[in-house]
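# Structural features, examined
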Amino acid sequence: MVSGETTAYVPQVIEPKWQAIWEERRQYAASERSDKQKFYLLEMLPYPSGDLHVGHARNYTLGDVVARFQRMRGYNVLHPMGWDAFGLPAEVAAIARGLHPREWTDANIANMRSQIRKLGTSYDWSREINSSAPEYYRWTQWLFLLMHRKGLAYKAQAWLNWCPLEQTILANEQAEGGVCWRCGSVVERRLLNQWFLKITDYADKLLEGLDALDEWPERVKTMQRNWIGRSAGVACSFPVEGLDANIEVFTTRIDTIFGVTYLALAPEHPLVERLVDGSAQAAPVRAFVSALKDKSELERASLRKEGVFTGRLARNPFGGQPVPIWITNYVLVEYGTGAVMGVPAHDERDFEFARDAALPMKPVIVPASGDANTSPAPVSRKGLPETAFCDDGILTNSGAFSGMSSAQAREAMRSKLEQLGAGRSSVKYKLRDWLVSRERYWGAPIPMVLCPNDGYVPVPEEQLPVLLPDQAPISGTQGSPLAHVPEFMHTTCPKCGGPATREAETLDTFMCSSWYYLRYLSPRDDGVPWDLREAERWAPVDHYIGGIEHAVLHLMYARFFYKVLNEERLVPGDEPFMRLFNQGMVLGENHEKMSKSRGNTIAIDDAVATYGADALRLFEMFAGPPGSDFPWSTTGISGATRTLKRIWRLVLAHALDLAAGSSTVRANGKRLSAPEAALRHSVHTKIKKIGEEIAGRMHLNTCVADLMTLLNDIEAFVAASPQEPPDAAAAGASSPVLEEALETLLLLLAPFAPHITEELWQRTGHSRSIHEERWPAYDERWLKQDLVSIVIQVNGIRRGAIEMPHAADEESIFVAAATVPTVKAQLQGKQVRKRVYVKDRLLNIVVS
RNA sequence: GCCGAAGUGGCGGAACUGGCAGACGCACGCGACUCAAAAUCGCGCGAGGUCACCCCUCAUGUGGGUUCGAUUCCCACCUUCGGCACCA
């Protein structure tokens, strides 16, 4: 259909039409055989919660622009989509509405898939995955068994985070700051026997790996570093008097050990009972411990620091002074050894506690003389320090170590402790092992069997998947629903063949999402989780787009998985995501967060129906840089629509010329007119800028601005051209430069507005899809202009500008500048002291 | 409290390495077209002075500094938003 007729731009007609055609052609499938370079582009796997709003549309459009751009640049692009389909909200919905979790989940997926398609996204839908399908979770279970085989999965009793609202246990990462990551409830502490993955074995690798991720945002790396929380120090033993026991403490400040005036133990420290059993202190200590038992981490943190004396003394390994042992509310059992040496003179927390408990303080560090940054702690009238001095300094009152610097003393004391057999170097992490079992229904069953004879036995691989039974009583309050399904629970031991029971818990859904990017590589393979050759071809992900909320959740778990898989030689390299991009949010029109509860969400369907996908996409890319938030704006999107309508009319007005194919002869030697040269300059600078921006910094808002500028330039060129003769419909009547500009405009716009550009490309006589065309190349010659505008400053203030030939010499610019009246006026009666010239840009004349 | 990011017209934002501050768009005003409206097109649009014109002064959170020249670099402060918060 080649026609000069100006039909109306109706996105509601052309968008569904092209979406159907692309789908029919399977146009966006990644090719399995290709000598093109690969590009693996991925957006974080969405949870199928129901409706998508324009904030999600922004995220998917961002990825789609990059995918389409990279295809045009000649890459073999893998751009898949799938569903993180297991998870608690499905169970909540099941309880609330009487729907089966699968029903609820599948309905949401169908709805969201249709919404995402309506945006015109170029996913390879043939690779779609669903983590709740047995064909998928079979491999999640397989990976659990792999971890188990490597000794990385174990069951143990530990203090865990319990969300009282959701009635579930949470991994530490999922209870950051003492609150549930999903619902925000303050978590409680429970002592439970559960499955863990030994992510702590990989703490150093996870930490070191961050250094190589130079295309990750610094803040994400900082958050992971803080979460891992590596701390190098010394573990040091204090023998308990009158008891055959030692109390081991961990400290990074062994140099302050002569300042120890007490030992502080966590209430849950295993030695507490032995210390007080049979003594008069037993009653008060037990009362103190039981009062704290149910207090959450968050509650404890807000308490005034308190403690109770055990009546026991320990001996300082240096010098042998007796040290009272206290039970306190500020020492965490989970970290280090659950016991600390109290040095009130040099630690804020110990100071706070000791001041209130009236325990002595013994300063043993003084600021190094000449260190201007530190000063000794002020001393009160009673001679007690008023604050703790926590910096490094010079040791005093420290026996043979007095006079050493803190750093020297740490080294000397460590080696002395080693000689005495009372201590050694030690590294501790804030990171704890990943709790992966959940007493919930809607997840992958843990593939383990408990046999009375053989203990826990892994389900043999060939028996996978351990199918989730269709029906189980989901109450949310009675422990694992699977435990109430006898036909699921009763099984035989894979080892001895005797009767045994299955593990009733399911796996944390973060396990499903820790490896999904590999399943996309061979999504229908039922012999392996992924084909090794496919992994060699595609992994790692080149460009990963997702929200900052997963900085230490999904992103750290996935890195952990990948490192384990790398050891097994199942993946190339040891980091899964080379470049990470965190997109910003779309806020409500009044700058508030867009959320269902506020009722200010704008659904993708509605926005597409009203404005069209292309206008929605263009506006969302234009409204601000993709890493920042911006407010939704109904008038703003009308600007995008206007732009698209202008392009529609402009291109159709020249459709016949374009269809005549004069573009093939456009690179003729004919000398261009000044307006033609200016237009071509504009075209080629836009090609360069937009391409570099998408591949680099990704400030796509400036790309859209550049496209609008190009449109303005073309329109101005057309308006300034002599009226075409009445028979202008004759093909080839317009300037080749204009035709090049129009085609380039469409090509550059194609990743942003795929439907309108496809329609116009076809209407201007092209048979191939615009999305299969090559990204235009720019010509260096046209980036330069013959005449350049040079700003003239006097003493750094702009006083005019002159047009000069490109690369003119400074002297002639100065001479020309001096004749500009406003410059001349400023130079009047002054002495020129200096000239600063920036080539082709600016001349600053400095006068006295 | 600690760490990080950011403060630019009425609004969203641009200026990527120190070189014309406010690109591009929205809103608004005036005009054209129209019986009229919508749509569309043209012009204007930081503040103040002068206002016929050119032009001048001020202006990128505040105050200093470096520089011929600072939205950009340095110091201090204010505000906002994130993250962490007894991790010994």
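In this numbering scheme, every chain counts its residues from 1 along its sequence in written order. For this description, chains carry letters from A and ligands carry numbers from 1, given in the order in which they are written. Confidence filtering applies because this is a predicted model: local features only for residues at pLDDT of at least 70, side-chain atom pairs given and counted only at 80 or more, and all residues used for totals across whole chains, interfaces and linings. Calculation of side-chain values draws on the structure's entire complement of heavy atoms; hydrogens and water are dropped beforehand.

Helix and strand labels come from DSSP, where a helix needs a run of H or I of at least four residues and a strand needs a run of E of at least two; each type is numbered from the N terminus. Of regular secondary structure, chain A possesses 27 helices and 31 strands. Overall, chain A is about 110 × 90 × 50 Å in size when its C-alpha atoms are taken along their principal axes. Charged residues are defined here as Lys and Arg on the positive side and Asp and Glu on the negative side; His and the ends of the chain fall outside this count. We put the charge of a Lys on NZ, of an Arg on CZ, of an Asp on CG and of a Glu on CD. Positive and negative side-chain charges of chain A, numbering 93 and 102 respectively, have mean locations separated by a distance of 4 Å.

A few words now on the pattern of salt bridges. For this document, the term salt bridge refers to a Lys or Arg side-chain nitrogen within 4 Å of an Asp or Glu carboxyl oxygen. With the rule as written, the count across this model stands at 52 salt bridges. One salt bridge connects Arg189 with Glu334, and the closest N-O pair in it is separated by 2.9 Å. Highlighted residues: Arg189 in strand 7 (residues 188-197) and Glu334 in the loop between strand 12 (322-328) and strand 13 (339-342), separated in sequence by 145 residues. Here's how the labels work: a residue is buried when its accessible area is under 20% of the maximum for its type, exposed when over 50%, partly exposed in between, all with a 1.4 Å probe on protein chains only. Residue Arg189 is classed as buried on the basis of its relative accessible area, which comes to 12%. Among the ionic pairs, Glu773 bridges to Arg768, the shortest N-O distance being 3.5 Å. Of the residues examined, Glu773 reaches a relative accessible area of 14% and is grouped as buried. One salt-bridge network, in which partners are shared between bridges, spans Lys150, Lys205, Glu567 and Glu568.

Moving on to the nonpolar core. The criterion is simple. A nonpolar core is a set of buried Ala, Val, Leu, Ile, Met, Phe, Trp, Tyr and Cys residues joined through side-chain atoms within 4.5 Å. If you look at the biggest cluster of nonpolar residues, it comprises 97 residues, and the most contacted ones within it are Phe144, Leu197, Trp434, Tyr517 and Phe560. Tyr9, Trp125, Val586 and Leu742 belong to the second largest nonpolar core, which has 84 residues in total.

Further remarks concern the side chain of Asn161. Mapping Asn161 onto the fold places it in strand 5 (residues 153-163). A polar side-chain atom of Asn161 sits 3.3 Å from a polar atom in the side chain of Asn172. The residues contacting Asn161, other than those within four sequence positions of it, are Thr168, Ile169, Leu170, Ala171, Asn172, Ala175, Val187 and Glu188. Under the rule applied, a polar contact is a pair of N or O atoms within 3.5 Å (in protein, one hydrogen donor and one hydrogen acceptor; residues adjacent in sequence only if both atoms are side-chain atoms). Contacts are residue-level and defined by heavy atoms, with any inter-residue pair within 4.5 Å sufficient.

Now for helix 24 (residues 736-749). For an α-helix the count is 3.6 residues per turn, leaving residues at separations of three or four pointing the same way. Look at helix 24: 20 Å from first C-alpha to last across 14 residues, which is about the 20 Å you get at 1.5 Å a residue. With 13 of 14 residues buried, helix 24 is to be regarded as a mostly interior element. Two or three places before Val737, at the start of helix 24, stands the capping residue Ser735, its side-chain oxygen 3.0 Å from that residue's backbone nitrogen. How far a helix is expected to stretch is found by multiplying one less than its residue total by 1.5 Å.

A few words on the domain arrangement of chain A. The split of the chain into domains comes from an automatic or database domain assignment. Taken domain by domain, chain A consists of domain 1 (140-198 + 433-506), domain 2 (231-428) and domain 3 (786-847). The distance between the C-alpha centroids of domain 1 and domain 2 comes to 39 Å. Taken together, the contacts link seven residues of domain 1 with nine residues of domain 2. Buried area: the sum, over both parts, of the accessible surface (1.4 Å probe) that disappears when the two are put together. Across the domain 1/domain 2 interface, buried area totals approximately 660 Å², and carbon plus sulfur atoms make up 57% of it.

Here we come to the packing of helix 6 (residues 203-212) against helix 17 (residues 554-567). Only the contacting stretch of a helix is used when fitting its axis, a line to C-alpha atoms as for every element, and angles between N-to-C directions run 0 to 180 degrees. Relative to each other, helix 6 and helix 17 sit at 100°, their axes nearing to 10 Å. Overall, the two elements helix 6 and helix 17 adopt an arrangement that is roughly perpendicular. Residues Lys205, Leu206, Gly209 and Leu210 of helix 6 touch helix 17, and the partners they reach there are Met556, Arg559, Phe560, Lys563 and Glu567. Under the scheme applied, nonpolar residues are Ala, Val, Leu, Ile, Met, Phe, Trp, Tyr, Cys and Pro; charged residues are Asp, Glu, Lys and Arg; polar residues are all the others, including Gly. Of the residues that constitute the contact of helix 6 with helix 17, the class distribution is four nonpolar, one polar and four charged. Any angle between 65 and 115 degrees counts as roughly perpendicular, while under 35 counts as roughly parallel, over 145 as roughly antiparallel, and the rest as oblique.

Taken together, 51 residues form the shell around RNA strand B, and within it Glu176, Arg300, Lys305, Arg349 and Asn844 come nearest. Near, as used in this document, describes a residue that has one of its heavy atoms within 4 Å of the molecule or strand being considered. For RNA strand B, the backbone portion of the atoms within 4 Å of the protein, that is sugar and phosphate, comes to 64%. The side chain of Gln793 places a nitrogen or oxygen atom 3.3 Å from a base nitrogen of RNA strand B. Counting residues per element, the ones that place at least two in the surface near RNA strand B are strand 9 (246-251), helix 10 (297-302), helix 20 (634-653), helix 23 (700-720), strand 28 (787-794), strand 29 (797-805), strand 30 (832-838) and strand 31 (842-847). Considering every element that reaches the surface near RNA strand B, the biggest residue donor is helix 23, with six residues.

Now for the sheet that holds strand 8 (residues 231-239). A strand pair is defined by DSSP finding two or more bridges across the two strands. Ordered in space as 9-8-16, the three strands form an open sheet in which the pairing is antiparallel. This sheet does not close on itself; its edge strands, each paired only once, are strand 9 and strand 16 (423-428). Across the sheet, the axes of successive neighbouring strands diverge by a mean angle of 30°, strand direction being ignored. One ladder, built from six bridges, connects strand 8 with strand 16; its direction is antiparallel. By the bridge assignment, Cys236 is partnered in strand 16 with Gly423. Packing of helix 12 (residues 406-420) onto the sheet brings it into contact with strand 8 and strand 16, and relative to strand 16 it is tilted by some 120°.

Judged by pairing direction, the sheet is antiparallel, and its four strands sit side by side in the order 20-19-22-21 without closing on themselves. Every other strand in the sheet has two partners, leaving strand 20 (455-458) and strand 21 (490-492) as the edge strands with one partner each. Averaged over all adjacent pairs, the angle separating strand axes in this sheet is 45°, with direction ignored. Examined bridge by bridge, strand 19 (residues 448-451) and strand 20 share four bridges and lie antiparallel to one another. When the bridges of strand 20 are listed, Met448 appears paired with Pro458.

This part covers unusual backbone geometry. Here the amide bond leading from Leu464 into Pro465 is cis, since omega sits at 0°, within 30 degrees of zero. Looking at where Pro465 falls in the secondary structure, it is placed in the loop between strand 20 and helix 13 (486-489). Residue Pro540 is bonded to the preceding Ala539 through a cis peptide linkage, with omega at -5°. Position of Pro540 among the secondary structure elements: in the loop between helix 16 (532-538) and strand 24 (541-546). At Met698, a position not held by glycine, the phi torsion is positive, near 65°. Tracing the chain through its elements places Met698 in the loop between helix 22 (674-695) and helix 23.

All right, on to helix 25 (residues 754-763) then. Among the 10 residues that make up helix 25, nine are buried, leaving the element largely enclosed by the rest of the structure. Regarding helix 25, the residues found buried are Pro754, His755, Ile756, Thr757, Glu758, Glu759, Leu760, Trp761 and Arg763. Check the buried side of helix 25 and you find it contacts helix 1 (11-25), helix 2 (54-72), helix 19 (613-622), helix 20, helix 21 (655-659) and helix 24. In the segment just after helix 25, Gly765 is the residue with positive phi, at about 90°.

On a regular strand, one side chain projects to one face of the sheet and the next to the other, so that they alternate. In terms of strand pairing, strand 5 meets strand 7 through 10 bridges, oriented antiparallel. Across the sheet, the residue bridging to Tyr154 is Phe196, located in strand 7. Relative to strand 17 (residues 434-435), strand 7 runs antiparallel, the two sharing two bridges. Bridging from a neighbouring strand, Leu197 pairs with Trp434 of strand 17.

We now examine the packing of aromatic side chains. Centres within 6.5 Å make a pair out of two Phe, Tyr or Trp rings, where for Trp the six-membered ring is used; the pair is then stacked when the planes are under 30 degrees apart, edge-to-face when over 60, and tilted otherwise. Per the counting criterion, the structure on display carries 36 aromatic pairs. Taking the centre distance of 5.5 Å and the plane angle of 90° together, the rings of Phe619 and Trp632 count as edge-to-face. Taken together, the residues span a long stretch of sequence, with Phe619 in helix 19 and Trp632 in the loop between strand 27 (630-631) and helix 20 at a distance of 13 residues. Given the relative accessible area of 5%, Phe619 is considered buried. Members of the aromatic cluster, each reached through a chain of ring pairs, are Trp181, Tyr202, Trp434, Phe510, Tyr557, Phe560 and Phe561. In our convention, an over-ring charge means Lys NZ or Arg CZ found within 6 Å of a ring centre and within 35 degrees of that ring's normal. Here the guanidinium or amino end of Arg559 rests over the ring plane of Trp216, the centre of that ring lying 6.0 Å away.

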